[in-house]
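The lines below spell out each chain.
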Amino acid sequence: MSEPTYSAVNRDVLKPLFTPTAAYFGLLGLCLAGLAWGGYCWLTQLLWGLGVAGYHPPVFWGVYITTFVFWVGIGHAGTLISAVLFLTRSRWRTGINRAAEAMTIFAVMTAALFPAIHVGRAWYAYWLFPYPNQRQLWVNFKSPLMWDVFAVSTYFTVSTVFFFIGLVPDMASVRDTTKGFTRWLYGAMCLGWRGTDRQWRHYMAAYGFFAALATPLVLSVHSVVSWDFAMAQTPGWHSTIFPPYFVAGAIFSGCAMVITLMLPLAKIFNLESYMHTWHFEHLAKLCLFTGGILTYAYGIEYFIAWYSDNPYEWGTFVDRVNGNYWWVFATMVFCNCIAPLPWYFKKVRTNHVWLFAISILINVGMWFERYNIIASSLSHSFDPGAWVYYVPTYIEWGIMLGSFAWFFLWFLLFVKIMPSVAIAELKEAMRPPLKSDELAAK
Amino acid sequence: MSVAVPVEAVAKAAPIKAVYAHMDALITGIEDLKKAGFRDMIVLTPFPRHEVEDAIYEGEPSPVRWFTLAGGIFGATMAFSLTALTSANWPMILPGGKPVVSVPPFIVITFEGTILWACLATFFAMCLFGRLPASNLPKAVEDERFSNDHFGIVLERVGAQDAERVKSILSHSGALEVSGGDAESVEVHHA
């Protein structure tokens, strides 16, 4: 396949912008409906208190924290693709990095809702942030929950700056194809970018640093999230394997979500010459690699629980397989350890139907993994007298559904107002037209 | 009260603009201009290319890196001070028995502070050195082709006597079109 020309890149990537179809409005309406239902559920919880959630002592973490961890995890693939693959000069990054970065930001924006939803009295959510209160009492910086506030807010800020910087030259391209107010608006959003040598020089220096700064965040953010659990004494949580296990899981689920989002995106908007099977195949390979780490972590958790000879630890792990949550455990193992295995065959991982179907299964499996960790550990802790079966209520499911609607809503808006493929980077990776080539051809 | 200042007419050419379709021709243009002593140019490309940067800046690194370093050091200092000083302000041994100022848990916050401030400082430096938001660029750089599939060189301050020479260098380097450079009278005020 011959390489597209520079002007073809502009034409193809900018074509989907600003022209919503009836199907697009249909999807938008679906998202708004889901969001309205989620909003109704949250409003009910705000009015009646956390009693409407299925919490029962000692289980006070449930669907909300599960969904929070799920969305933070989803974000990781975007940062991995945009930062780590930039530093390693992986060519398959170009084409999918923009949409993956957007996915990261929307995923973190979704995750950020959940601490506020989870604490019940959302209007006190500002207590999370360090500020000098009336008694000069500050937040407890020794608490992993506090580290999480810093980790997630830093992650969000750095990802947003990185995303915005990447968009600047492309918004200039949008500006140059529009007129009137839109032209002015995009001109303002691209900071008056013209692509001068001075602008590019400092831009490229800064871009390298953003990539270098975002790279440790790929590893650190989910490590910090895992410490929310691992720093506690609860059986099933108190484990040093958690940080690498969570990071692998985050990249695994994130790459699956990139496949879930971008396969339809490429098909619907005719971007298949920029996001081709080759990209999805690489994502599938990354899933196989991180899924392998995850399967190993699941196994080693059981081994250590047994080998430690700690009855509480072993009791929790046996309960995960045999107890009330056996179906959660089974779903997790099937979706995360078994379902991706067909991707070892090239035919399967280059087939779009299989790619899409398995990526959905991984998303489901990774949600259940977090649910398995949270619900089964808390409901089967040290004291047998306190063992309960936590069942989420329709309010919790509704809010979780609403979070998906919120995420997809942002993504839908993104594809219509911003270029989904990084135009300047795509051109940078292409061989520039040379006069010497033309002369040689003559 | 206005003071009468002598006004002298100095011949200065209007900005000269060359448009290229080929990367190697653009590089030739930059190098030929530099050889002829015209270094004050604006090169426009729709995407970054190292050969363009090397031709203009000859490997001199961007000063953005110093801001990244300073931002990182500032962030680390601020974040560690925030955790340590606020804890020392209310010296309470919490359950778990960690000392009031316990370094390992504070390292997490310090790390996040380092990354956050290094990132913000880098962004600030990029805007500062790259002169963004751009407001004082000459009109000649506003060409839709430069965000699409063409490259350009714009020379803003060329004396009328040099205009023809510059235009000839640009044409010979392989530019698609060369425009501007007509002599115009500019009033220069001598206070």
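Residues numbered from 1 in each chain as written. Chains lettered and ligands numbered in written order. Predicted model: local features only at pLDDT ≥ 70, side-chain atom pairs only at ≥ 80, totals over all residues.

Chemist: How should the overall build of chain A be read in this particular structure?
Modeler: A tally of regular secondary structure across chain A gives 17 helices and zero strands. Radius of gyration (C-alpha) of chain A: 23 Å, near the 22 Å computed for a compact globule of 442 residues. Contacts spanning at least 24 positions in sequence make up 81% of the contacts within chain A whose residues lie at least 6 apart. (Helix = DSSP H or I, 4+ residues; strand = E, 2+ residues; numbered from the N terminus. Rg over C-alpha atoms; globule rule 2.2 N^0.38 Å. Contact = placed C-beta atoms within 7 Å.)

Chemist: Even after reading the chapter, I still don't get the overall build of chain B, so can you show me in this structure?
Modeler: Within chain B one finds five helices and six strands. Overall, chain B shows an N-to-C arrangement of helices and strands of β-β-α-β-α-α-α-β-α-β-β. Across the 191 residues of chain B, 40% fall into the buried class. Sequence-distant contacts, at least 24 apart, represent 81% of the contacts inside chain B between residues at least 6 apart. (Buried ≥ 20, exposed ≤ 12 C-beta atoms within 10 Å, placed from the backbone.)

Chemist: How should I be thinking about the interface of chain B and chain A in this particular structure?
Modeler: It is common to report an interface's size as the accessible area lost on association of the parts. With 59 residues of chain B in contact, the opposing surface of chain A contributes 52 residues. For the side of chain B that touches chain A, the secondary-structure elements that each account for two or more residues are α1 (23-35), β3 (42-44), α2 (50-57), α3 (64-89) and α4 (103-129) of chain B. Taken together, the residues of the side of chain B that touches chain A break down into 35 nonpolar, 15 polar and nine charged. (Nonpolar A, V, L, I, M, F, W, Y, C, P; charged D, E, K, R; others polar.)

Chemist: Sorry if this is basic, but what is going on with the environment of L26(B) here?
Modeler: Residues and elements named next belong to chain B. Position of L26 among the secondary structure elements: in helix α1. Overall, the presence of 29 C-beta atoms within 10 Å leaves L26 in the buried class. Along the chain, L26 and S173 lie 147 residues apart, while their C-alpha atoms are 7.3 Å from each other. Filtering out sequence-adjacent residues up to four positions away, L26 remains in contact with Y20, V52 and F151.

Chemist: When you look at the domain arrangement of chain B in this model, what are you seeing that I'm missing?
Modeler: Domain parsing of chain B yields domain 1 (7-46 + 149-189) and domain 2 (64-129). One C-alpha centre belongs to domain 1 of chain B, the other to domain 2 of chain B; they are set 49 Å apart. (Domains from an automatic or database assignment.)

Chemist: Where do I start with the nonpolar core in this structure?
Modeler: In globular proteins that are soluble, nonpolar side chains generally tend to be buried together. Among the nonpolar cores identified, the biggest contains 152 residues, and M103(A), V158(A), A206(A), C255(A), V258(A) and M262(A) are the most heavily contacted of them. Looking at this core, the element that brings in the most residues is helix α9 (residues 242-268) of chain A, giving 18 residues. Aside from chain neighbours lying at most four places away, what touches A206(A) is I165(A), V64(B), T122(B), F123(B), A125(B) and M126(B). Residues A13(B), A18(B), F38(B) and V52(B) belong to the second largest nonpolar core, which totals 29 residues. (Core = buried A, V, L, I, M, F, W, Y, C linked by C-beta atoms within 7 Å.)

Chemist: Explain the packing of helix α3 (residues 63-87) of chain A against helix α4 (residues 97-111) of chain A here, please?
Modeler: For any two helices packed against each other, the geometry comes down to the angle between their axes and how far apart the axes lie. All names here are of chain A. Following both chains from N to C, one finds α3 and α4 inclined at 155 degrees, their axes separated by 7 Å at the closest point. It follows that α3 is roughly antiparallel to α4 by the angle criterion. In this structure, α3 meets α4 at a crossing whose hand is left-handed. For the pair α3 and α4, contact is made by F68, W71, V72, I74, G75, A77, G78, T79, I81 and S82 and by N97, A100, E101, M103, T104, A107, V108, T110 and A111, respectively. (Axes fitted to C-alpha atoms, helices over the stretch in contact; angles between N-to-C directions. Parallel < 35°, antiparallel > 145°, perpendicular 65-115°, else oblique. Left-handed = near helix turned anticlockwise from the far one by under 90°.)

Chemist: Is there a simple way to think about the sheet that holds strand β5 (residues 177-180) of chain B in this case?
Modeler: Paired through backbone hydrogen bonds, the strands of a sheet run either parallel or antiparallel to each other. Residues and elements named next belong to chain B. The sheet built from four strands is open, its strands ordered β3-β4-β2-β5 with antiparallel pairing. At either margin of the open sheet sits one strand with a lone partner, and together these are β3 and β5. Across the sheet, the mean angle from the axis of one strand to that of its neighbour is 15 degrees, orientation sign disregarded. Direction of pairing for strand β2 (residues 16-20) relative to strand β4 (residues 151-155): antiparallel, over a ladder of five bridges. Bridge pairing links A18 to I153 in β4. (Pairing = 2+ DSSP bridges.)

Chemist: Hey, could you run me through helix α5 (residues 160-173) of chain B in this one?
Modeler: Residues that lie three or four places apart on an α-helix share one face, since the helix turns once every 3.6 residues. All names here are of chain B. Taking 1.5 Å of rise per residue, the 14 residues of α5 would be expected to cover 20 Å, and the 21 Å separating its terminal C-alpha atoms lies within 8% of that figure. Of all the positions in α5, only A163, V166, K167, I169, L170 and S173 are classed as buried. Buried residues of α5 fall within an arc of 160 degrees about the axis and therefore sit on the same side. Phi turns positive one or two residues past the end of α5, at G174, with a value near 110 degrees. (Expected span 1.5 Å × (residues − 1). Arc of directions from axis to C-beta.)

Chemist: It is not clear to me how unusual backbone geometry should be interpreted in this structure. Could you clarify?
Modeler: Peptide bonds are trans in most cases, and residues, glycine excluded, mostly fall at negative phi. In this structure, P58(A) follows P57(A) across a cis peptide bond, with omega equal to 5 degrees. For P58(A), the location among the structural elements is in the loop between α2 (22-48) and α3. Omega for the peptide link from L132(B) to P133(B) comes to -5 degrees, which places this bond in the cis form. With respect to the helices and strands, P133(B) occurs in the loop between α4 and β4. In the Ramachandran plot, F18(A) falls in the positive-phi region, its phi being about 60 degrees despite a non-glycine side chain. Relative to the elements of secondary structure, F18(A) occurs in the loop between α1 (6-14) and α2. A tally of 12 C-beta atoms within 10 Å means that F18(A) is categorised as exposed. Phi is positive for R89(A), close to 55 degrees, though the residue is something other than glycine.

Chemist: In this structure, what is going on with the packing of α4(A) against helix α6 (residues 144-175) of chain A? I would like to understand it.
Modeler: Residue and element names in this part refer to chain A. As a packed pair, α4 and α6 sit with axes 10 Å apart at the nearest point and diverge in direction by 150 degrees. Between α4 and α6, the interaxial angle falls into the category roughly antiparallel. Here the hand of the crossing between α4 and α6 comes out left-handed. Along its contact with α4, which presents R98, E101, A102, T104, I105, V108 and A111, the element α6 presents V152, Y155, F156, S159, T160, F162, F163 and G166. For the contact of α4 with α6, the per-class residue count stands at nine nonpolar, four polar and two charged.

Chemist: For this particular structure, what's the right way to read the confidence of the model for chain B?
Modeler: Interpretation of this model should avoid reading the predicted coordinates in detail wherever pLDDT is low. All names here are of chain B. Summarising the model, chain B shows a mean pLDDT of 87, and 90% of its residues fall at 70 or more. When pLDDT is averaged over each helix and strand of chain B, the minimum, 49, is found for strand β6 (residues 183-189) and the maximum, 96, for α4. Predicted confidence for residues 185-191 stays below pLDDT 50, and this span has 14 contacts to residues more than four positions away or in other chains. Model confidence for the complex: the whole-complex pTM is 0.93, and ipTM, which rates the interface, is 0.93. (pLDDT = per-residue confidence, 0-100.)

Chemist: Would you explain the pairing of β4(B) in this entry?
Modeler: A regular strand carries its side chains on alternate faces of the sheet. Residue and element names in this part refer to chain B. Within β4, five of the five residues are buried, leaving the element largely enclosed by the surrounding structure. Neither face of β4 is open: one carries F151, I153 and L155, the other G152 and V154, and all of them are buried. Inspection of the sheet shows β3 paired to β4 by three bridges, in the antiparallel sense. Of the residues in β4, the one forming a bridge with I42 is V154.

Chemist: Is there a simple way to explain the environment of F80(B) in this structure?
Modeler: All names here are of chain B. Note that F80 resides in helix α3. Assessed through the 19 C-beta atoms surrounding it within 10 Å, F80 is described here as partly exposed. When the C-alpha positions of F80 and V101 are compared, they lie 9.9 Å apart, and in sequence the two are 21 residues distant.

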